[in-house]
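Residue-level structure breakdown
Listed below are the residues making up each chain.
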Amino acid sequence: FISTVSHELRTPLTSITGALGLLKSGELGPMPEETAHMVTIAHGNSERLVRLINDILDMDKIESGKMDFKMGRVELSGLLERSLEETRAYGEQYGVSFDFQKITVGAWVRGDADRLLQVLVNLISNGAKFSPEGGRVEVALSENESGYRVEIADHGPGVPEEFQDKIFEKFTQADATDHRQKGGTGLGLSICKAIIEQHGGQIGFGPTPGGGATFHFTLGGYEDTEVETIDRR
């Protein structure tokens with residue numbers, strides 16, 4: 001089933017998404033307003049399906065122990081700036097801005113840059129998605145005794161109490177009804193947890209002062225100046 005999803009669904013969906021993206025951008029010529037609106041909806045839904053397929057494949061790799069980690073020396077501050085750039089357009093859809101508070105020294109950790117970026121983009125996107133229109137997501141990087149701590153705080157409705165003990169479980173969302181307003185696969189936070197734990201770190205969440213939720217994770221510092229690359233399964 002996973003193989004079929006990967007080859008028979010992801011490849012054509014990626015092609016469809018790319019074609020719709022070209023139409024949406026206007027590079028292939030102007031369209032009537034009603035047509036442009038329908039293309040925008042179709043493009044958004046195709047992107048959502050691609051994310052769902054990628055999340056399912058990632059979860060399958062994690063559970064089978066086949067997810068590769070290319071471990072090396074990674075600077076967290078630069079990775080955070082990159083993740084904010086990648087999510088800026090997503091935040092603009094919700095009218096949400098980002099505020100990054102970082103430490104001034106290099107925050108070096110041992111990790112897989114691509115997988116850590118995946119975690120950051122997921123957490124920051126979640127913060128934007130659950131923020132009120134015109135809201136702000138606050139991203140902070142700090143140093144502690146064991147290494148470094150990243151916090152992503154939003155000022156949305158927060159995490160319902162009855163949902164808090166299962167927030168990192170698979171296919172779980174605070175609003176699982178058919179008419180829920182916020183989309184998503186219900187796999188993102190579970191994948192984030194697995195990736196951070198593979199890095200020897202910890203992930204959690206708590207309330208944001210004044211309302212909202214703050215997700216955080218910690219990673220150990222890496223002092224060795226020699227870059228090390230390891231494939232770990």
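Residues numbered from 1 in each chain as written. Predicted model: local features only at pLDDT ≥ 70, side-chain atom pairs only at ≥ 80, totals over all residues. Heavy atoms only, no water.

Description of the confidence of the model for the protein chain
On average, residues of the protein chain carry a pLDDT of 84, and 88% of them reach 70 or more. This model gives residues 176–180 a pLDDT under 50, and the stretch forms three contacts once residues within four places in sequence are excluded. For residues 225–233, every residue scores under 50 in pLDDT, and the model assigns this stretch 25 contacts once sequence neighbours within four places are set aside. (pLDDT = per-residue confidence, 0-100. Contact = heavy atoms within 4.5 Å.)

So, helix α2 (residues 33–64)
Its 32 residues give α2 an end-to-end C-alpha distance of 47 Å, which sits within 8% of 46 Å, the value for a rise of 1.5 Å per residue. Here α2 has its buried residues at Val39, His43, Ser46, Val50, Ile53, Asp55, Leu57, Asp58 and Met59. Two residues or fewer past α2, glycine 65 is found with a positive phi of approximately 70°. (Helix = DSSP H or I, 4+ residues; strand = E, 2+ residues; numbered from the N terminus. Expected span 1.5 Å × (residues − 1). Buried < 20%, exposed > 50% of the residue type's maximum accessible area, 1.4 Å probe, protein only.)

Describing the packing of aromatic side chains
If you walk through the whole model with that rule in mind, you get four aromatic pairs. Between tyrosine 90 and tyrosine 94, the aromatic rings sit 5.3 Å apart at their centres with planes inclined by 55°, giving tilted as the arrangement. With a relative accessible area of 21%, tyrosine 90 lands in the partly exposed category. Residue class for tyrosine 94 comes out partly exposed when judged on its relative accessible area of 26%. (Phe/Tyr/Trp six-rings, centres within 6.5 Å; stacked < 30°, edge-to-face > 60°.)

Brief notes about the pattern of salt bridges
Under the criterion given, the structure shown has six salt bridges. Put simply, arginine 136 and glutamate 138 hold a salt bridge, and the shortest N to O gap is 2.4 Å. Residue class for arginine 136 comes out partly exposed when judged on its relative accessible area of 38%. Owing to a relative accessible area of 19%, glutamate 138 belongs among the buried residues under this scheme. Glutamate 151 serves as the salt-bridge partner of arginine 149, at 2.7 Å between the closest nitrogen and oxygen. On the basis of relative accessibility, which here comes to 25%, the residue arginine 149 falls in the partly exposed class. (Salt bridge = Lys/Arg side-chain N within 4 Å of Asp/Glu carboxyl O.)

Looking at the packing of helix α4 (residues 113–129) against helix α5 (residues 188–198)
Close contact between α4 and α5 brings their axes to 10 Å; oriented N to C, the two are set at 145°. Between α4 and α5 the crossing geometry is left-handed. Contacts from Arg115, Leu116, Gln118, Val119, Asn122, Leu123 and Asn126 in α4 reach Gly188, Leu189, Ile191, Cys192, Ile195 and Ile196 in α5. Among the residues making up the contact of α4 with α5, the classes are represented as eight nonpolar, four polar and one charged. (Axes fitted to C-alpha atoms, helices over the stretch in contact; angles between N-to-C directions. Left-handed = near helix turned anticlockwise from the far one by under 90°. Nonpolar A, V, L, I, M, F, W, Y, C, P; charged D, E, K, R; others polar.)

Section: helix α3 (residues 76–93)
Over its 18 residues, α3 extends 26 Å from the first C-alpha to the last, a length consistent with the 26 Å expected when each residue adds 1.5 Å. Maximal helix bending in α3 amounts to about 45°, located at threonine 87. Among the residues of α3, those classed as buried are Leu76, Ser77, Leu79, Leu80, Ser83, Leu84, Thr87 and Gly91. Regarding α3, its N-cap is glutamate 75, as a side-chain oxygen of that residue lies 3.1 Å from the backbone nitrogen of serine 77 further along. Glycine 95 sits one or two residues past α3 and shows a positive phi near 65°. (Bend = angle between axes of the 7 residues up to and from the residue. Polar contact = N/O pair within 3.5 Å; in protein donor to acceptor, adjacent residues only side chain to side chain.)

Quick notes on the nonpolar core
Among the nonpolar cores identified, the biggest contains 43 residues, and Leu76, Leu123, Val139, Leu141, Val150 and Phe217 are the most heavily contacted of them. Those elements giving two or more residues to this core turn out to be β1 (69–75), α3, β2 (97–101), α4, β4 (136–143), β5 (147–153), α5 and β7 (213–220). For this core, the element with the highest residue contribution is α4, accounting for seven residues. The contacts of leucine 123, once residues within four sequence positions are left out, are Ile152, Leu189, Cys192, Ile203, Phe215 and Phe217. By size, the runner-up hydrophobic cluster in this structure holds five residues, among which are Val5, Leu13, Val50 and Leu57. (Core = buried A, V, L, I, M, F, W, Y, C linked by side-chain atoms within 4.5 Å.)

A closer look at the pairing of β5
A large share of β5 lies buried, amounting to five of its seven residues. In this structure, β4 lies alongside β5, joined through six bridges in antiparallel fashion. Considered in β5, the bridge of alanine 140 is made with glutamate 151. Where β4 folds back onto β5 in an antiparallel hairpin, the turn is made up of three residues. Of the pairings in the sheet, the one linking β5 to β7 comprises seven bridges and is antiparallel in character. When the sheet's bridge partners are listed, alanine 153 is paired in β7 with threonine 214. (Pairing = 2+ DSSP bridges.)

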